[in-house]
Amino acid sequence: MNFAVKNKILLVAKKEWDRFFGDRRMVISALIFPGVMIYIVYAFFVPLIMDMPTRKAKDSVVYAINPPPVIQSILEHTGITLTLISENEKESVLEGIAERSGNFLIVFPQDFIEKVVVYDVRSGEVAPEILLYYNSLSGSFAEHYGRILTALAAYESSIAKKFDVNRTAGGDMADTGAVGRHLIAIVLPVFLLVFIFHGAMAVTTEAITGEKERGTFATIFITSLTPIELAAGKIFGLSIQSFLCGISGTLGIALSLPKLVDSLASGFPMQDGMSALLNLNTISMNQYSVVDFCILALVLLSTACIIVTIISIIAIYARTAKEAQLLVSPMIIVFLFISCLNMFYNQGNQIAIYYYFIPIYNSAQSMSDIFNQSYALNQIIATITTNIFAGAIGCFVLSRLLKTEKMLITS
Amino acid sequence: MLSMSAILSVLNLTKTFRLNRMQRKLANTADTRITAVDNLSFSVNEGEIFGLLGPNGAGKTTTMRIISTLINSDAGDVFVDGSSVKEYPLKVRRKIGFLSGDLKLDEFFTPTYLFDFFSALREVPKAETLERREKLFNHFGVNEYAHKKLAALSSGMKQKVAFIISIVHDPSIIIFDEPTNGMDLLASRTVTEFLLELKKQGKTIILSTHIFSLAEKICDQVGFIINGKLINSGPLNQIAVNNNLEDAFFSIYDSIRDGRIS
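Source: prediction; values computed, not measured.

Thresholds applied
- Residues numbered from 1 in each chain as written.
- Chains lettered and ligands numbered in written order.
- Predicted model: local features only at pLDDT ≥ 70, side-chain atom pairs only at ≥ 80, totals over all residues.
- Heavy atoms only, no water.
- Salt bridge = Lys/Arg side-chain N within 4 Å of Asp/Glu carboxyl O.
- Helix = DSSP H or I, 4+ residues; strand = E, 2+ residues; numbered from the N terminus.
- Buried < 20%, exposed > 50% of the residue type's maximum accessible area, 1.4 Å probe, protein only.
- pLDDT = per-residue confidence, 0-100.
- Contact = heavy atoms within 4.5 Å.
- Pairing = 2+ DSSP bridges.

Applying the stated criterion across every chain yields a total of 18 salt bridges over all chains. Across the pair Asp18(A) and Lys14(A) runs a salt bridge whose closest N-O atoms are separated by 2.8 Å. With Asp18(A) and Lys14(A) both in helix α1 (residues 8–21) and 4 residues apart, the pair spans about one turn of that helix. What makes Asp18(A) partly exposed here is its relative accessible area of 24%. Owing to a relative accessible area of 19%, Lys14(A) belongs among the buried residues under this scheme. Between Lys15(B) and Asp74(B) there is a salt bridge, and its shortest N-O distance comes to 3.9 Å. Within this pair, whereas Lys15(B) is found in strand β1 (residues 6–18), its partner Asp74(B) is found in the loop between α2 (60–67) and β4 (75–80), the two being separated by 59 residues in sequence.

A separate point is the confidence of the model for chain A. Residue and element names in this part refer to chain A. Overall, the prediction assigns chain A a mean pLDDT of 78, with 78% of residues at 70 or greater. Predicted confidence in chain A is weakest over helix α10 (residues 272–278), with a mean pLDDT of 44, and strongest over helix α15 (residues 377–403), with 93. Across residues 1–5 the pLDDT falls below 50, and counting only partners more than four positions away or on other chains, this stretch makes 16 contacts in the model.

Moving on, we come to the pairing of strand β3 (residues 104–107) of chain A. Residue and element names in this part refer to chain A. Burial along β3 is two-sided: Phe 104 and Ile 106 and Leu 105 and Val 107, pointing in opposite directions, are all buried. Sheet topology places strand β1 (residues 62–65) next to β3; 4 bridges connect them, and they run parallel. Across the sheet, the residue bridging to Ala 64 is Ile 106, located in β3. Note: β3 against strand β4 (residues 131–133), 3 bridges, orientation antiparallel.

Another aspect to go through is the side chain of Thr205(A). All names here are of chain A. Along the chain, Thr 205 falls in helix α7 (residues 176–214). Residue class for Thr 205 comes out buried when judged on its relative accessible area of 1%. Ignoring sequence-local partners within four residues, the contact set of Thr 205 consists of Ala 200, Gly 210, Ile 311, Ala 315, Ala 321, Ala 324, Gln 325 and Val 328.

Pasting the structure below:
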C-alpha cells in the first residue's frame, strides 16, 4: 500500500476506495451484480418471455372450413398455415378447442369471395359472416388470435381499396436513427439516476453512519485532518464509487439492448408494422461517439457528486447504517419523479437554459439531450458546474455537521 | 489540586448540553440544559497516570472529549504542555493520543492498513511509520496477525490494535476513555498490561474508568467525579481508604446521596 499521497482529501478518498474495492461482496453486490443481472434479464429472460407465446403458438393448429385461397395466402404471410377440414370433423375440433387445446377454427361460408363481391353495404342485407372459434384461456390464444384478426382486417380493407399509397415514392420522412435515440433518451436517464442513487445509498450510508456508529470519527478528528478535508475526501471517493455503480447497471442495459430489440422485432410478428415504424434496429449504442460518452461520464460524475452529498447530509443524522438507509430510501421517489418529468414533458424539446441550473433535473435533461444527440455545450457546462457548485455547498454543510458534538454521540 | 510542574492542567472546566423535549421528559425535568461538567479543575504531572473515576453519566467522557479537543467547553480551559485546547487545538492534537472504549475499528481492514492510514493522517513520515510499525507490532505481539482483517481477530487482539493506532505518532500524553468498556477478562488484562507498558516508557496517561481495581493497579493520581464535579483528587495512597479505593469512593458518594455533602 502506497501512502505517498500527501493530499489528505485523496487519502480519505483512497481509504474509501480500498474499503469498497477490497470488499469482494461489496464489489459484487453494488458494482457487478446490478449490471450482470440487468444484462441477463434483458438479454435472455425478456426475449424468452416474449418468445413464449410464439413457441406455444407453434404447437397450435388453425383449422379452416371453406377458406378462400386469397385468405389462406394472407395468413401464410403472417406465419399461419391453415389445416383444412370438412364439416364432419367440426364437432371434434370444437371439443378440442373447448378443452384448451390451443387450436383455432375458422369457418367460412361456401363461396365466400363471390358473396363478398356481390354484397352491397347499402342494401341492408346481412353481410357474409366468418366464424372464428378459439379458447381465450389457452396459452397461445393471444398470438394466433391477433394474427388472424390482422390478416382478416387486411383482406377486408383490400377489397374496398380504390387507390394505392406510396406505390412509387413518398414514405416516412423521420430520421430513423432519431427514433432509436429518442427511445434510448426516454429509458436510460431514469435507469442511470436510479443506479447511481442505489450505489450511492449503499456506499454512503456505510461510510458516514457506519463510521459514526463505530466511533471512528473521534479517532479521525484528533488527527490534523480538518472536517472540510474529511467531507471532501468522503464525497470525492464515494462519488467515484457511485458513478461506477451507475455505469455498471447502464452497461448491462446497453449491452442487452441489441438482444432486447431483436426479440421485440421478431417476438411479436403481429407488431411487424410497429417495429417497422419505430425501426427498432436503430436502438443501438453504436450511434454515439466517444465524445458523447465522455460528456455523459462528466454529467454522471457531477450527478453522483450531488447525490452522494445529499445522502451524506441525511446519513449524518442517523444513528445506524440501517436507519440511514431508511431515511434515504424515500428520496428515490423524488429522483424518479424528476427523471419521469423529463421523460414525459421535455423529450426532444429545447428548453430554456435556466432549467439546467436545477440540480438533478438538469442531469436528467442533459442525459436525455446527450442520448438524443441534441445537446449544446453551454447546457452541459451549466449542468456540470451547477452540480459541482451544489456539491461544494453540500460539502461545506457536511463539514459543519461533522464539527457538531452530535457526531460523536450515537445513542 | 494544581501543580506547577504539570504537563496537563484542567482549569474551571464547565460544559452544559441542551436537552430536547424527549430528553427532558426522560430526565423528568423542566430545565432546558444539563450541566455535564461543573467547574472541574485538576492537573497531571509528566509520566504519571491519572485516573478519573465515577459512575456512568458523571461527566468523565465529556471531560475527556474536551481535553482531546473533540468538543469545546462553555467555560474554563485545558492546557496541554502549555498550549490551550481552545486556542491551539491542532498543536494539542499533535501531542496527544486518544482512545475511546466505544471505538470499533472497521473490521474490513488489517492492522497494517489502519496503522499506515492513521500515520498518514497524523503526518508521520513514511520511513518513520515503517520503523514505528515494526517496533510497536513486535513489542505488542501484533506481527503474527498484522495482515489479517480485524474481523478475524479476537476482541483482545482488536483492542491491542486500537491502542497501537492511538499512539502511531508517539504522543507524550495519552487519553483513554473507558478503555475496558464491555471487555472480557482477557481483553481487560491486555489493556492493563498495555497501560503499564506505556507508563514504563514514560508516557503521561489520563484514564477515565469506573473500574476501581484497574485504577488501583496502575494509577498514580486519582480523582472522583460525581454529577460533573470533581469531589476529591490526589495521590492514590492518600485517597484510598485502607488501600481500598472503592470504599473511599462510596463513602463520598453515599454522603452526597444522603445530602451530607453538596
